[in-house]
Amino acid sequence: MPRYCLIGAGAAGIGALAVLLEQGFEVDCFEKSTVVGGHWHTDYEALHLITSRNLTNYEGFPMPDDYPLFPSRDQMRSYLESYAAWKGLYEHIEFGVEVLSVAPVAGEGTTGSHGWTVITSRGDEGVYDGVLVANGHLVDPKMPEIPGHFAGTQLHSSQYTNVDDIEGRRVLVVGSGNSGCDLAVDAAQHRYDVAISVRHGHIFQPKTFMGVPRSELSFLQEFTFEEQDLLTRLLIRMSVGTHENYPGLPAPEARTLAEGAPVVNNLLLYWMHHGRIKPVPGVSRFEGNTVFFTDGSSQEFDTILWATGFNAALPFLDDAILEWQDGVPLRLGGATVPVGLEKLYFVGLIAPRGPQPPVYPMQTKVIAQMLRAHEAAGESGAGIQALLAGQQTPEWRIDILRPLWTEQLEQTAYLLSRVSVA
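Residues numbered from 1 in each chain as written. Predicted model: local features only at pLDDT ≥ 70, side-chain atom pairs only at ≥ 80, totals over all residues. Heavy atoms only, no water.

**Student:** Which residues make up the overall build of the protein chain, and what values go with them?
**Tutor:** Counting its secondary structure elements, the protein chain contains 8 helices and 26 strands. Relative to the compact-globule value of 22 Å for 422 residues, the protein chain shows a C-alpha radius of gyration of 23 Å, a close match. Along the first, second and third principal axes, the C-alpha atoms of the protein chain reach 65 × 50 × 40 Å. Taken across its 422 residues, the protein chain has 49% of its residues classed as buried. Pairs at least 24 apart in sequence give 66% of the contacts found in the protein chain among residues at least 6 apart. Here the protein chain displays about 19000 Å² of accessible surface, and carbon together with sulfur accounts for 51% of that area. Placing the 28 positive and 49 negative side-chain charges of the protein chain at their respective mean positions leaves the two points 6 Å apart. (Helix = DSSP H or I, 4+ residues; strand = E, 2+ residues; numbered from the N terminus. Rg over C-alpha atoms; globule rule 2.2 N^0.38 Å. Buried < 20%, exposed > 50% of the residue type's maximum accessible area, 1.4 Å probe, protein only. Contact = heavy atoms within 4.5 Å. Areas by Shrake-Rupley, 256 points an atom, 1.4 Å probe, with all protein chains shown as cover. Lys, Arg positive; Asp, Glu negative; His and termini not counted. Charge placed at Lys NZ, Arg CZ, Asp CG, Glu CD.)

Shown next, in the form of structure tokens:
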């Protein structure tokens, strides 16, 4: 019987494992930690979802009714653990086993078409007919290189737990995405003197309008995607104004929400109006505790919190077998299939805007179609790489508009159905 390897038991991994087991596949799931839930065990304590409780769930397993509209880190972690227990996944996960190497078996044809050899921290696991990679894209902190030396404390957002990590009173947060907003607000609410470096302007989106999450506003669903974007921007302008109402904030570079980064936070602008968070430009250099900015100004700080994102990291794969663009592997099939490879699949190496848990089973159901096609084709394989490459443009993004990604995945499912018919 064909057997498959699944790497990771975070939110993506358990979503994938549930689908594979339900469809009768033999799967070895390796998780290097001792828990399910991945980064939800180590994220900063102030983290809350930016998508609502009612939509951020796996199919058939809603979040508890007593959860708030935007659950906390700890509540999300508990939800993931409960889902794994509900699906009976724990007995199928090898905890404390790290995947060290995933290498294609040598042979003619497309790389990977003969399977993949997996080596873990406990030894050689042998050859698998397919490998699903669900190790997440929030594992390798991205740190910019800036001239000079900063004499104070520096922490990446992945290292930050709470304000006890802050030294001194003067805090600079570098990065104004969702994590940067959270960290700045966390420090401001504990009465630290906070500045946030905003290199590029955003349209800061409230979590709710009229007390209702934007994605749950029924009247918006009556309009096209473009019309929803326009109406939402009008609602934002009515509720929080524009950058001109917050001295020091640069104008948004993107005209629409679709064109810009999805930054969702109610409290950053609130604390700016109360003088507890001050926007500053990009950082140009350091000198002791002095930080110099791109407009020529400078300020003294005790702690810098870097909210500068993550690199896509696949340490168990040889980078040379992947095709890369902007630090991300190029993928086909709704971001499930790396370009140029067979029988290797990604789950969760993309973040379609909106709730994430539904994404992982959707990807895995399409991957399951590929596994079935390969099994039916026999030793030669189903030629899925060539099929997708001939019909699709490789995807390079992590952040992507959900309708675009949904279209990619649906097209992939259709192409695979034609293979099955043939």
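**Student:** Explain the pattern of salt bridges residue by residue, including any values.
**Tutor:** The full count for this structure, using the stated rule, is 13 salt bridges. Note that Asp74 and Arg73 form a salt bridge whose closest N and O atoms lie 2.8 Å from each other. A residue is classified by how much of its surface remains accessible, and Asp74, at 33% relative accessible area, is partly exposed. Here the salt bridges share partners, and the residues they tie into one network are Arg73, Asp74 and Arg77. (Salt bridge = Lys/Arg side-chain N within 4 Å of Asp/Glu carboxyl O.)

**Student:** Could you give an account of the packing of helix α1 (residues 11–22) against helix α6 (residues 359–377), naming the residues involved and the relevant values?
**Tutor:** Across the interface, α1 lies against α6 with an axial gap of 8 Å and an inter-helix angle of 45°. One element, α1, and the other, α6, form an angle in the oblique class. Every pair of crossing elements has a handedness; the one defined by α1 and α6 is right-handed. On the side of α1, the interface is formed by Ala11, Ala12, Gly15, Ala16, Val19 and Leu20, while α6 contributes Tyr360, Pro361, Thr364, Lys365 and Leu371. A breakdown of the residues in the contact of α1 with α6 according to their chemical character gives 8 nonpolar, 2 polar and 1 charged. (Axes fitted to C-alpha atoms, helices over the stretch in contact; angles between N-to-C directions. Parallel < 35°, antiparallel > 145°, perpendicular 65-115°, else oblique. Left-handed = near helix turned anticlockwise from the far one by under 90°. Nonpolar A, V, L, I, M, F, W, Y, C, P; charged D, E, K, R; others polar.)

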